[in-house]
Amino acid sequence: MTVFKNDVSRAVSLLGSAVSGARLDDAELELLKQDIAAEHSNNNEQYQQTTLENSHFNAYRDHMMGQPIKGDADNLSNLTADDLRTYQATNYFGDNLVIVGTGNINHEEFVGQVNNAFHSVSKTATATQPNSDKCVYVPALMFIRDDEMYNSNIGVFYDAPGVKHQDYYAFLLLKHMFGSFRIDKHAEHLNDVKK
């Protein structure tokens, strides 16, 4: 959040309320599930998002990291407010939260505001965390046919080296060589003489 100096305590209070006082209403969840289901049914119109999610699934298929951002369409109807409460208890706890304040703020005041706003958050997880195993990159190839998509979509991903790895700069060069596809610049047929 970006706020004026005099509004820092209100911002921290708002964040604390959102994390520790979230009300998970069953009726409201059902309305949200309908909205998400409508988005799932329109996935064929979201080419980039659908391609990225399928590529992510292909790379991390045995881990939650490979699951769609807005959930699996098949499991959406089974989701309950209790599931969300369990997720909150598993992931929203003191040792797992970092609250940072930057700019012209008084550190001691900020720490006090954070302590006041987040005092009811448990220090450790109150539920067992599923999928805590490290995700493993799986090099694989996947083809999906979707007759609703009138364009072909391709995602090519690499298990890239970290900043300290000896091949980091070689991968930056490779990324630069591949470039980015832009429909306004690359819409010609693949057999066009310029290609």
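Residues numbered from 1 in each chain as written. Predicted model: local features only at pLDDT ≥ 70, side-chain atom pairs only at ≥ 80, totals over all residues. Heavy atoms only, no water.

Caption draft 1: Molecular detail of helix α6 (residues 107-118). For α6, which comprises 12 residues, the first-to-last C-alpha distance of 16 Å matches the rise-based estimate of 16 Å (1.5 Å per residue) to within 8%. Every buried residue of α6 is accounted for by Phe 110, Gln 113, Val 114, Ala 117 and Phe 118. Axial view of α6: buried residues confined to an arc of 105°, hence all on one face. Exposed residues lying more than 90 degrees from the buried face of α6 are Glu 108, Glu 109, Asn 115 and Asn 116. Check the buried side of α6 and you find it contacts α1 (8-20). (Helix = DSSP H or I, 4+ residues; strand = E, 2+ residues; numbered from the N terminus. Expected span 1.5 Å × (residues − 1). Buried < 20%, exposed > 50% of the residue type's maximum accessible area, 1.4 Å probe, protein only. Arc of directions from axis to C-beta. Contact = heavy atoms within 4.5 Å.)

Caption draft 2: Examining the layout of surface pockets more closely. The calculated volume of the second largest pocket comes to roughly 940 Å³. Residue lining of the second largest pocket: 24 residues in total, with Met 64, Gly 71, Leu 79, Leu 84 and Tyr 87 positioned closest to the centre. For the lining of the second largest pocket, the secondary-structure elements that each account for two or more residues are α2 (26-41), α4 (73-76) and α5 (81-91). Per-element tally for the lining of the second largest pocket: the top contributor is α5, with six residues. Partitioning the lining of the second largest pocket into residue classes produces 11 nonpolar, nine polar and four charged. (1 Å grid on protein atoms, 1.4 Å probe; cavity = no way out; pocket = protein on both sides within 12 Å on 5 of 7 lines; lining within 4 Å. Points joined across faces, edges and corners; volume = space filled by probe spheres on them. Nonpolar A, V, L, I, M, F, W, Y, C, P; charged D, E, K, R; others polar.)

Caption draft 3: Looking closely at α1. In a regular helix each residue adds 1.5 Å, so 13 residues correspond to 18 Å; α1 covers 18 Å between its end C-alpha atoms and thus fits that length. What α1 keeps buried is the set Val 8, Ala 11, Val 12, Gly 16 and Val 19. Axial view of α1: buried residues confined to an arc of 135°, hence all on one face. Away from its buried face, by an angle of more than 90 degrees, α1 presents the exposed residues Arg 10 and Leu 14. Summarising the contacts, the buried residues of α1 are in contact with α5 and α6.

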